[in-house]
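Next come the chains, spelled out residue by residue.
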Amino acid sequence: MNKRYVGFIVILALMAASGCDEKTKLAEVTGVVTLDGKPLELIQVEFWPTTGPRSIGKTDTEGKFTLEIDDRTQKGAIPGTHKVALRDTWPSKDDYINDGGEWVDKSNGKKSRIHSKYYDAPLSPLSVEVVAGKPNTFDFKVDPRK
Amino acid sequence: MKRQSKAFTLVELLVVIAIIGILVGLLLPAVQSAREAARRMQCSNNLKQLALANHNFHDVYKKLPFGMLRADGTGWGHPEWGTTGQARRYALLHQLMPYVEQTAFYNAWDQLVYNNNTISNRLFGGDGVTSLPTNGTAAVGQLLSNVLRCPSNVGSLYNESHSPTGNGVYARGDYYACAGQRGYPGFQATRASLWNPFGPGNDHPRPAGGRGTAATGRANGMFSRNIQFGFRDAMDGTSNTILMGERSFSDPVFDRCGPETGTTTTKMGNWGWIWFGAEGNAFLGTGVPINFRIRSCAEFLDPLRYDDRINAFGSLHVGGAQFALTDGSVRFISESIDLLTFNALGSRAGGEVASVPE
């Protein structure tokens, strides 16, 4: 008589199992950005993968960056090939937002310290391969502004 | 020997109840998602109407509308354009109004002197008294809100800042022109901007399809400031180029950070002032992931992240946002789309091989 319920229990088990969901596996990525051998702070490092979400980091005073995925709280980057964009945030570090919500430009003629070929990810000369399952380190020696 | 039974056993009854329970459990989320599906359909219909309005505009003028027109101060050397202040100033949606059956609104709008188009203007249903509209009262733009608003998109309905007198308190709009990689800011010496989408400096090669120098260059999407493109400018193919898309205004972190950091009272809804004719109120860009949001007030104070948020397409539909392509079709694009592909879909003449993923 228990046989009548066996099928029912199997269906329940299947339903429970189908609810499972796997998180995207990210690989840890760190590195250093240098210009003429000196570490460069306030550089925004963007990794644009060929598939999946973007990862971003910003260099500290020692030029070190740690990538974090764009709008989530996970650290790291998606494994695979990435185009790398570098943007200099140093000229805009004194900018502020006015009450209309607009940014006020306080750059006072300060210009980007790095070459502009790094700004646009699709056209950037930097391309890297992030490998799954181990910490990745990428050091970028960048060209100065022309 | 077979047991004779004239009634259910307790176990049988429990099994039946359990089955009914499971079925109801399946049904309830389905009802909720059916509601959201209905809202999404209405939203996609609005986008379709606006895409068709663009096509009808193109049929008449052989060009698409201005992404944004702003002739303040510079005057362009023609008396009609005005020489001071906010003389002639409007954005994409204003020009599309006659094509979504809002001709009366379009005609009532003072196209030569922007400042005449206040909320108190009787022509727009105002009472002559300048005050903040409440939901349900007639105000500029509110009459038009059905085609301009996505029903899924919660968040503040009105622009609340820019003027303490209420001049310029407008109902929010949810549909934006695609300016290519960058829509905001218009021009900044230090940050990627509409006129210089790849970043500051004039030593960078101009984007394909771009015109002029770095200072006078145009956005690389279908819409830009003070210029009209046509379908012939969509060198990447009209089916592979985004025309318009949605913006999400639901952003509690953003709304909290302005007051908290003491720099501004601005909220995300203040960027929904689609009549104003300013880059941040007219354009979105594909150089930013769909549904990009800042996560902390530190990011709010980071110019690049702030710019990214102002540039982001987005919606409260689960997992992505809807877009009108230049060919007039409306497509849902997942937020997990490769950023390189998304970026390519935004440019009108980037020369990339890209199409909207299925």
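Colleague: What exactly am I supposed to notice about the overall build of chain A here?
Modeller: Helix and strand content of chain A: one helix and eleven strands. Counting the 146 residues in chain A, one finds 44% classified as buried. When the accessible surface of chain A is summed, it comes to about 7700 Å², and 55% of that surface belongs to carbon and sulfur atoms.

Colleague: I would appreciate a short explanation of the pairing of strand β3 (residues 175-178) of chain B in the present structure.
Modeller: On any regular strand, side chains alternate: one points to one face of the sheet, the next to the other face. Note that β3(B) and strand β4 (residues 242-246) of chain B share three bridges and pair antiparallel. Opposite B:Y176, over in β4(B), you have B:G245 as the bridge partner.

Colleague: I keep staring at the interface of chain A and chain B and nothing clicks. Help me out?
Modeller: Frequently, the measure chosen for interface size is the accessible area that the parts lose on association. On the chain B side, the residues contacting the 45 residues of chain A number 51 residues. For the pair chain A and chain B, the two sides together bury roughly 3900 Å², of which 53% comes from carbon and sulfur. The largest share of the area that chain A buries against chain B comes from A:W48, A:I97 and A:W103, three residues that together contribute 16% of it. Note that B:D308 is salt-bridged to A:R54, the shortest N-O span being 3.0 Å. Connecting chain A to chain B are six residue pairs in polar contact (both at pLDDT 80 or more). In terms of residues, the side of chain A that touches chain B owes the most to one element, helix α1 (residues 3-18) of chain A, which gives five residues. Of the residues belonging to the side of chain A that touches chain B, the class tally is 14 nonpolar, twelve polar and 19 charged.

Colleague: It is not clear to me how the environment of A:V142 should be interpreted in this structure. Could you clarify?
Modeller: Residue and element names in this part refer to chain A. Its location among the elements puts V142 in strand β11 (residues 136-142). The spatial distance from the C-alpha of V142 to the C-alpha of L35 is 5.4 Å, given a sequence separation of 107 residues. The contacts of V142, once residues within four sequence positions are left out, are V33, T34, L35, L40, L86, I114 and Y118.

Colleague: Would you mind showing me how to read helix α1 (residues 10-61) of chain B here?
Modeller: Think of an α-helix as 3.6 residues a turn; residues three or four steps apart then line up on the same face. With 52 residues, α1(B) should reach 76 Å at 1.5 Å per residue; the first-to-last C-alpha distance of 76 Å fits that figure. Of all the residues in α1(B), the buried ones are B:E36, B:C43, B:S44, B:N46, B:L47, B:L50, B:A51, B:A53, B:N54, B:F57 and B:H58.

Colleague: What's the story with unusual backbone geometry in this structure? I'm lost.
Modeller: Glycine aside, residues mostly have negative phi angles, and peptide bonds mostly take the trans form. B:P185 follows B:Y184 through a cis peptide bond whose omega is 0°. Among the secondary structure elements, B:P185 is positioned in the loop between β3 and β4. Even without being a glycine, A:L42 presents a positive backbone phi close to 60°. The topology assignment puts A:L42 in the loop between β2 (38-39) and β3 (43-49).

Colleague: Help me out: how do you make sense of the confidence of the model for chain B in this one?
Modeller: One rule of thumb: low pLDDT means the predicted coordinates there are not for detailed reading. All names here are of chain B. Of the residues in chain B, 74% reach a pLDDT of 70 or more, and the chain-wide mean stands at 80. For the stretch residues 162-168, pLDDT sits under 50, and the model shows eleven contacts to residues farther than four places along the chain or on other chains. The low-confidence segment residues 201-216 (pLDDT under 50) makes 33 contacts with residues lying over four places distant or belonging to another chain.

Colleague: Just checking my understanding: could you explain the sheet that holds strand β4 (residues 55-58) of chain A for this structure?
Modeller: Backbone hydrogen bonds hold the strands of a sheet together, and the pairing may be parallel or antiparallel. Residue and element names in this part refer to chain A. The sheet built from five strands is open, its strands ordered β6-β4-β3-β7-β10 with antiparallel pairing. One side of each edge strand has no neighbouring strand; the edge strands of this open sheet are β6 (68-69) and β10 (127-130). With seven bridges joining them, β3 and strand β7 (residues 80-88) adopt antiparallel strand pairing. Note that in β7 the partner of F47 across the bridge is V84.

Colleague: I would appreciate a short explanation of the side chain of A:E46 in the present structure.
Modeller: Residue and element names in this part refer to chain A. In this structure, E46 sits in strand β3. Here the side chain of E46 touches R87 through a polar contact of 3.0 Å, side chain to side chain. When neighbours within four sequence positions are excluded, E46 is seen to be in contact with R54, S55, I56, K83, V84, A85 and R87.

Colleague: Looking at this structure, how should I read the pattern of salt bridges?
Modeller: Where charged atoms of side chains with opposite charge meet at close range, the side chains can pair. Taken as a whole and assessed by the stated rule, the structure comprises 17 salt bridges over all chains. Its salt-bridge partner being A:K117, residue A:D143 comes within 2.5 Å of it at the nearest N-O pair. Here A:D143 is found in the segment after β11, whereas its partner A:K117 is found in the loop between β9 (103-104) and β10, with 26 residues between them in sequence. Here the salt bridges share partners, and the residues they tie into one network are A:E46, A:R54, A:R87, B:R182 and B:D308.

Colleague: Teacher, can you tell me more about the sheet that holds strand β5 (residues 283-284) of chain B here?
Modeller: Residues and elements named next belong to chain B. Pairing is mixed across the open sheet formed by five strands, whose spatial order is β5-β3-β4-β6-β7. Each of the sheet's edge strands pairs with one partner strand only, and the pair in question is β5 and β7 (330-334). The sheet contact formed by strand β6 (residues 320-325) and β7 spans five bridges and is antiparallel. What sits directly across from Q322, in β7, is F332. Against the sheet, α1 engages β3, β4, β6 and β7, with an angle of about 145° to β4.

Colleague: Which parts of the structure should I look at to understand helix α9 (residues 339-346) of chain B?
Modeller: Among the eight residues in α9(B), eight count as buried, and that is most of the element. On its buried face, α9(B) sits against β3 and β7 of chain A together with β3, β4, β6 and β7 of chain B.

Colleague: What should I look at first to understand the pairing of β3(A) in this one?
Modeller: Residue and element names in this part refer to chain A. In terms of burial, β3 is a largely internal element, seven of the seven residues being buried. Burial of the side chains of β3 extends over both faces: I43, V45, F47 and P49 are buried on one face and Q44, E46 and W48 on the other. The pairing of β3 with β4 spans four bridges and is classified as antiparallel. Residue Q44 lies in a different strand from β4, and its bridge partner there is K58. Counted along the chain from β3 to the antiparallel partner β4, the turn is five residues long, and its residue G52 has a positive phi close to 105°.

Each value, and the rule that gives it
One numbering rule holds for all chains: residues counted from 1, following each sequence as written. Labels are handed out in written order, letters beginning with A for the chains and numbers beginning with 1 for the ligands. Local features in this predicted model are restricted to residues of pLDDT 70 or higher, and side-chain atom pairs are both shown and tallied only at a pLDDT of 80 or more, whereas totals for entire chains, interfaces and linings draw on every residue. Excluding hydrogens and water, the side-chain figures rest on all heavy atoms present in the structure. Numbering goes from the N terminus for both helices and strands, where a helix is a DSSP run of H or I of at least four residues and a strand is a run of E of at least two. Only protein chains enter the accessibility calculation, which uses a 1.4 Å probe; a residue is then buried when its area is under 20% of its type maximum, exposed when over 50%, and partly exposed in between. Computed with a 1.4 Å probe, the accessible areas rest on the Shrake-Rupley method; for each residue, only the protein chains presented here act as cover. Whether two strands pair depends on DSSP finding at least two bridges between them. Throughout, a residue-residue contact means that at least one pair of heavy atoms, one from each residue, lies within 4.5 Å. Here the quantity called buried area is the total loss of accessible area, with a 1.4 Å probe, experienced by two parts when brought into contact, counted for both. Salt bridges are defined as contacts in which a side-chain nitrogen from Lys or Arg sits within 4 Å of a carboxyl oxygen from Asp or Glu. For this analysis, a polar contact is any N or O atom pair within 3.5 Å, provided that within protein one partner can donate a hydrogen and the other can accept it, and provided that sequence-adjacent residues contribute only side-chain to side-chain pairs. By the convention adopted, Pro, Cys, Tyr, Trp, Phe, Met, Ile, Leu, Val and Ala count as nonpolar, Lys, Arg, Asp and Glu as charged, and the other residues, Gly among them, as polar. One fewer than the residue count of a helix, multiplied by 1.5 Å, yields its expected span. What pLDDT reports is the predictor's confidence in each residue, on a scale of 0 through 100. To get an axis, fit a line to the C-alpha atoms, keeping to the stretch in contact for a helix; angles then go from 0 to 180 degrees between the N-to-C directions.

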